[in-house]
Amino acid sequence: MRLTCPHCGPRDRREFYYYGASEYLNRPGPEAAPDAWDSYLHLRDNPAGVTQDLWYHEQGCTAWLKVTRNTVTHEILAVEAVAGGTK
Amino acid sequence: MRYSGLRVITEGLFGNRGWRPAWRDPAPKAEYDAIIIGGGGHGLSTAYYLARNHGLTNVAVLEKGYLGSGNIGRNTTIVRANYFLPGNSEFYSHSLKLWEKLELELNYNVMHSQRGLINLFHSDGQRDAFARRGNAMINQGDDAILLDRDGVRDLLPYLDFDNTRFPIYGGLLHPRGGTARHDAVAWGYARAADKRGVDLIQNCEVTGIDVQNGRVTGVQTTRGAIRAKKVGIVVAGRSSQVAAMAGLRLPIESHILQAFVTEGLKPVIDHVISFGMGHFYISQSDKGGLVFGGDLDFYASYAARGNLPMVEHVMEAGMTLMPMIGRARVLRSWGGIMDMSPDGSPIIDKTPVDGLYIDCGWNYGGFKAVPASGWCMAHLMATGESHEVARRFRLNRFATGHLLDEEGTGSQHNLH
């Protein structure tokens, strides 16, 4: 499996650290109810099919990436930098 | 039909013409007292114990493929009770006791082999942690022996003891740990449940869960609608999809775990050996194949196959630990879909929908739990109360903070 980093180009899976579902980008506000935090931290759609998750280019440019991919086929559909920029 | 040695001999003498199918192939009825979704190890054992312990025999197991076609049909077959935390310790201890009587109980040879499990340690700190774990196991009533380096060398002389990064300091031996024949466990429970009247319905995929006024009323399947007031979801890696049919989101992320088998070799590895620091564990099957695996690939996946970096990592760890296996040829590998919970421990609990129960979150350790998981899930479905040894496997424990983090690594999906 290879991810195409927007900054570095196609790179081997070993350069990346998987963090989890892209829900981690939607952090609840400080006034949010406990349920919102439970949902944010623990509950997952966990789809069999297209999903979006966060990967960290640990052994490359150290950018956080939002990856759109298929969990059934391992096909990578899109990679974009969380801080902006698409390739 | 009762199985026995005499029966095998008699059938052998008369051309094996007397064997009959081990279970029926019934069509689904319109209604059952209870439905179990999922005909794997946990689902089949739940059905069996519903009948055996609670007299509930008007029960159906619905399986979308064939019985035992999921993780119970492909795993590394380790059976052990070496947990530390209250909540896990008594549960796995109960499971191991059930394993020890399983063949008599089911009248089925599950080839349970208590060959001993050895967890290696590689530093003073790890020795202390393992001594503490061993004490917890003994306090639970199970067995543990702390081996020093020479003690491990006596049992496993072929290991590389002087590896620079991970020199072997010793190991924690769990003599009652071992392996079992994974398929036979599913078949044994299936046959025993069928014999007590449970309908095992294959090629029957659940496509919807019917809920009215907050109560479950039945399921929709590819073989028609089936009514039931109690429904149990026991579908491992597919838990999120099935629970979503009832509008639930679970604290589960499905990951791949790869494992490998070599060609058959003469007996060489007598125990189950776990090399945690290298992410590697190995045993030898009765057919002679070396059965081994490592850690997760570490990304959410339903592909049932992994990527090559983890293959390389597992092979490297194996060669680091026991260079003698370098000439063995790998025959096959596979990737199982693991229902990972944030803290690495399972869930056996009610759901917010009345009459709907869930048994999931077995991470990469569900096989050894098959007997106790079924026992406790059956208890929950029959009585409405958690069984004593599974009382901490709560669905809402991540929200309430009552975690069961055996590894001590945190409560987050990518940490276990």
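Residues numbered from 1 in each chain as written. Chains lettered and ligands numbered in written order. Predicted model: local features only at pLDDT ≥ 70, side-chain atom pairs only at ≥ 80, totals over all residues.

Things to note about the overall build of chain B
Here is step 1 of the chain: What chain B contains, in helices and strands, is 11 helices and 18 strands.
Here is step 2 of the chain: Relative to the globule expectation of 22 Å for 416 residues, the C-alpha radius of gyration of chain B, 21 Å, shows essentially globular dimensions.
Here is step 3 of the chain: Based on the C-alpha atoms only, the size of chain B along its principal axes is roughly 65 × 65 × 40 Å.
Here is step 4 of the chain: For chain B, the residues scored as buried account for 52% of the 416 residues in total.
Here is step 5 of the chain: Residue pairs in contact within chain B that sit at least 24 positions apart in sequence constitute 73% of those at least 6 positions apart. (Helix = DSSP H or I, 4+ residues; strand = E, 2+ residues; numbered from the N terminus. Rg over C-alpha atoms; globule rule 2.2 N^0.38 Å. Buried ≥ 20, exposed ≤ 12 C-beta atoms within 10 Å, placed from the backbone. Contact = placed C-beta atoms within 7 Å.)

Description of the sheet that holds strand β12 (residues 253-264) of chain B
Residue and element names in this part refer to chain B.
Here is step 1 of the chain: If you trace the 8 strands from one edge of the open sheet to the other, you get β5-β6-β4-β13-β14-β15-β12-β16, paired in mixed fashion. Of all strands in the sheet, those with a lone pairing partner are β5 (145-148) and β16 (330-340), marking the two edges. Here the strands of the sheet are splayed against their neighbours by 20° on average, with no regard to which way each runs.
Here is step 2 of the chain: Two strands pair when backbone bridges link them, and β12 and strand β15 (residues 289-300) are joined in this way by 6 bridges, in the antiparallel orientation. In the sheet register, A259 faces β15, and the bridge partner there is G293.
Here is step 3 of the chain: Packed on one face of the sheet, helix α5 (residues 124-139) meets β4 (117-121), β5 and β6 (170-174) and runs near 15° to β6. (Pairing = 2+ DSSP bridges. Axes fitted to C-alpha atoms, helices over the stretch in contact; angles between N-to-C directions.)

Here we look at the nonpolar core
Here is step 1 of the chain: Counting 121 residues, the largest nonpolar core has I35, I37, A47, V59 and A193 of chain B as its most contacted members.
Here is step 2 of the chain: In terms of residue count, helix α10 (residues 370-383) of chain B provides more of this core than any other element does, 8 residues in total.
Here is step 3 of the chain: Residues in contact with A193 of chain B, not counting those within four places in the same chain, are L44, A47, Y48, A51, V198 and L200 of chain B.
Here is step 4 of the chain: Listed in part, the 7 residues of the second largest apolar core include L3, C5, V67 and V79 of chain A. (Core = buried A, V, L, I, M, F, W, Y, C linked by C-beta atoms within 7 Å.)

Re the environment of A328 of chain B
Residue and element names in this part refer to chain B.
Here is step 1 of the chain: Checked against the element boundaries, A328 lands in the loop between α9 (308-321) and β16.
Here is step 2 of the chain: Residue class for A328 comes out partly exposed when judged on the 17 C-beta atoms lying within 10 Å of it.
Here is step 3 of the chain: Between the alpha carbons of A328 and L265 there is a distance of 8.1 Å; along the sequence they are 63 residues apart.
Here is step 4 of the chain: Excluding residues that lie within four positions of it along the chain, A328 makes contacts with T262, E263, L265 and L290.

Describing the confidence of the model for chain B
Here is step 1 of the chain: Across chain B, pLDDT averages 97, with 100% of residues at or above 70.
Here is step 2 of the chain: Reported confidences for the modelled complex are a pTM of 0.97 and an ipTM of 0.94. (pLDDT = per-residue confidence, 0-100.)

Considerations on the interface of chain B and chain A
Here is step 1 of the chain: Taken together, the contacts link 21 residues of chain B with 20 residues of chain A.
Here is step 2 of the chain: Element by element, the count of residues in the side of chain B that touches chain A is highest for β15 of chain B, at 3 residues.

Some words on the sheet that holds strand β6 (residues 76-81) of chain A
All names here are of chain A.
Here is step 1 of the chain: The strand order across the open sheet formed by 4 strands is β3-β4-β5-β6, and the pairing between neighbours is antiparallel. Looking along the sheet, the strands with just one partner apiece sit at the ends: β3 (17-21) and β6. On average, each strand axis in the sheet is inclined to that of its neighbour by 30°, with strand direction left out of account.
Here is step 2 of the chain: Across 5 bridges, strand β5 (residues 64-70) lies against β6 in antiparallel orientation. Bridge pairing in β6 links T68 to A78.

Comments concerning the packing of helix α3 (residues 89-100) of chain B against α10 of chain B
Residue and element names in this part refer to chain B.
Here is step 1 of the chain: Between α3 and α10, the least distance of the axes is 7 Å, while the angle of their chain directions is 110°. Judged on the interaxial angle alone, α10 and α3 are roughly perpendicular. Within the contact between the two elements, α3 uses F91, H94, S95, L98 and W99 and α10 uses P371, A372 and W375.
Here is step 2 of the chain: In terms of residue class, the contact of α3 with α10 is built from 6 nonpolar, 2 polar and no charged. (Parallel < 35°, antiparallel > 145°, perpendicular 65-115°, else oblique. Nonpolar A, V, L, I, M, F, W, Y, C, P; charged D, E, K, R; others polar.)

Quick notes on the domain arrangement of chain B
Residue and element names in this part refer to chain B.
Here is step 1 of the chain: Segmenting chain B into domains produces domain 1 (5-78 + 182-250 + 343-400) and domain 2 (112-177 + 253-340).
Here is step 2 of the chain: Distance between the C-alpha centres of domain 1 and domain 2: 29 Å.
Here is step 3 of the chain: Each side of the interface is counted separately: domain 1 has 15 residues, and domain 2 has 15 residues.
Here is step 4 of the chain: In terms of residue class, the side of domain 1 that touches domain 2 is built from 5 nonpolar, 9 polar and 1 charged. (Domains from an automatic or database assignment.)

Considering the packing of helix α2 (residues 41-54) of chain B against α10 of chain B
Residue and element names in this part refer to chain B.
Here is step 1 of the chain: Direction vectors running N to C along α2 and α10 enclose 55°, while the axes themselves pass 7 Å from each other. When the axes of α2 and α10 are compared, the pair comes out oblique. The element α2 and its partner α10 pack so that their crossing is right-handed. Between α2 and α10, the residues in contact are G41, H42, S45, T46, Y48, Y49, L50, N53 and H54 and V370, P371, S373, G374, W375, M377, A378, M381 and A382, respectively.
Here is step 2 of the chain: Grouping the constituent residues of the contact of α2 with α10 by class yields 10 nonpolar, 8 polar and no charged. (Left-handed = near helix turned anticlockwise from the far one by under 90°.)

Looking at helix α1 (residues 5-13) of chain B
Here is step 1 of the chain: Among the 9 residues in α1 of chain B, 0 count as buried, and that is only a small part of the element.
Here is step 2 of the chain: One or two steps after α1 of chain B, the chain reaches G15 of chain B, where phi turns positive at roughly 75°.

A look at unusual backbone geometry
Here is step 1 of the chain: In this structure, N46 of chain A is a non-glycine residue whose phi angle is positive, near 50°.
Here is step 2 of the chain: Note that N46 of chain A resides in the loop between α1 (34-41) and β4 (50-56).
Here is step 3 of the chain: Since 27 C-beta atoms lie within 10 Å of it, N46 of chain A is described here as buried.
Here is step 4 of the chain: In this structure, N203 of chain B is a non-glycine residue whose phi angle is positive, near 50°.
Here is step 5 of the chain: When you line up the elements, N203 of chain B lands in the loop between β8 (199-201) and β9 (206-212).
Here is step 6 of the chain: Taking the C-beta count within 10 Å as the criterion, N203 of chain B has 13 such neighbours and is therefore assigned partly exposed.

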